[in-house]
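Listed below are the residues making up each chain.
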Amino acid sequence: MNPPDAPDRCRIVLIAPEGIDPGRLTAALDGGDVASLILPAWGLDDDAFQRRAETIVPAVQQHGVAAMIAGEARIAMRARADGLHVEGSKRDLEEAVSKHQARLMVGAGGAATRDEALDLGEARPDYLFFGRFGYDNKPEPHPRNLRLGEWWAEVVEIPCVVIAGSDVASVATVAATGAEFV
């Protein structure tokens, strides 16, 4: 459920692909109503990931887009990112919310069922993400993600992000679920 002053539309969340060139990334940010970008480590060690984040975060923020770092709070803080994306257990999420939510947005992913989603939602993240980085990459959105996103958007106040498919037209399918972000 959106607050009364929120835009009445589904906004875009980009997931930076592995090895994205910062120039190409900024061009993508100009392509629509992008709310945020999630930057996964994609297997980089902490030092390489931090250098990458320190390059990408300012470029993203200059476009008025929130930069979210997947997994590493230290890197998010050092790169001056806007938020942290946590995949994992409820305990990991609770710890991140407790330690970092005063300074960073904290989003959560990893729920594959309603029970898992509700369990993560009890930690009060800033959003819940339905989908998996690097795996949900077929042309159409995964039906499970669509079902979870539609149910979540209808009954829970915490916003959700539902990963679309690799076909740009699949964004409309996700938007039809009522999810706040695609």
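Structure's up top.
Residues numbered from 1 in each chain as written. Predicted model: local features only at pLDDT ≥ 70, side-chain atom pairs only at ≥ 80, totals over all residues. Heavy atoms only, no water.

Quick question: what am I supposed to make of the overall build of the protein here?
Helix and strand content of the protein: seven helices and seven strands. Counting across all 182 residues of the protein, residues that qualify as buried make up 43%. At a minimum sequence separation of 6, the contacts of the protein that also span at least 24 residues come to 52%. In the protein, 18 side chains carry a positive charge and 28 a negative one; their mean positions are 4 Å apart. (Helix = DSSP H or I, 4+ residues; strand = E, 2+ residues; numbered from the N terminus. Buried < 20%, exposed > 50% of the residue type's maximum accessible area, 1.4 Å probe, protein only. Contact = heavy atoms within 4.5 Å. Lys, Arg positive; Asp, Glu negative; His and termini not counted. Charge placed at Lys NZ, Arg CZ, Asp CG, Glu CD.)

For this particular structure, what's the right way to read helix α5 (residues 114–121)?
In an α-helix, one turn spans 3.6 residues; hence positions three or four apart end up facing the same way. Taken residue by residue, α5 has A117, L120 and G121 as its buried positions. Burial along α5 is one-sided: seen end-on, the buried residues are contained in an arc of 100 degrees. Buried residues along α5 sit against α4 (90–100), β5 (105–109), β6 (127–130) and α6 (143–155). (Arc of directions from axis to C-beta.)

Would you explain the packing of aromatic side chains in this entry?
How two aromatic rings sit relative to each other is set out by the distance from centre to centre and by the angle between their planes. One pass over the full model with this rule turns up three aromatic pairs. The interplanar angle of 70 degrees and the centroid separation of 5.2 Å between the aromatic rings of F129 and F133 together place this pair among those described as edge-to-face. Assigned by exposure class, F129 and F133 land together as buried. The interplanar angle of 65 degrees and the centroid separation of 5.8 Å between the aromatic rings of W151 and W152 together place this pair among those described as edge-to-face. An aromatic cluster of at least three residues, connected via ring pairs, comprises F130, W151 and W152. The ring of Y135 has R132 sitting right over it, with the charged end atom 4.2 Å from the ring centre. (Phe/Tyr/Trp six-rings, centres within 6.5 Å; stacked < 30°, edge-to-face > 60°. Lys NZ or Arg CZ within 6 Å of the ring centre and 35° of its normal.)

Explanation requested: the sheet that holds strand β3 (residues 66–70) in the structure shown.
Strand-to-strand pairing in sheets goes through backbone hydrogen bonds, with the strands running parallel or antiparallel. The seven strands are arranged β1-β2-β3-β4-β5-β6-β7 in an open sheet whose pairing can be described as parallel. The open sheet is flanked by β1 (12–15) and β7 (160–162), the only strands paired with a single partner. Taking each pair of neighbouring strands and ignoring which way they run, the sheet shows an average axis angle of 25 degrees. The strands that helix α2 (residues 46–62) touches are β2 (34–39) and β3; relative to β3, the one it contacts most, it runs at about 160 degrees. (Pairing = 2+ DSSP bridges. Axes fitted to C-alpha atoms, helices over the stretch in contact; angles between N-to-C directions.)

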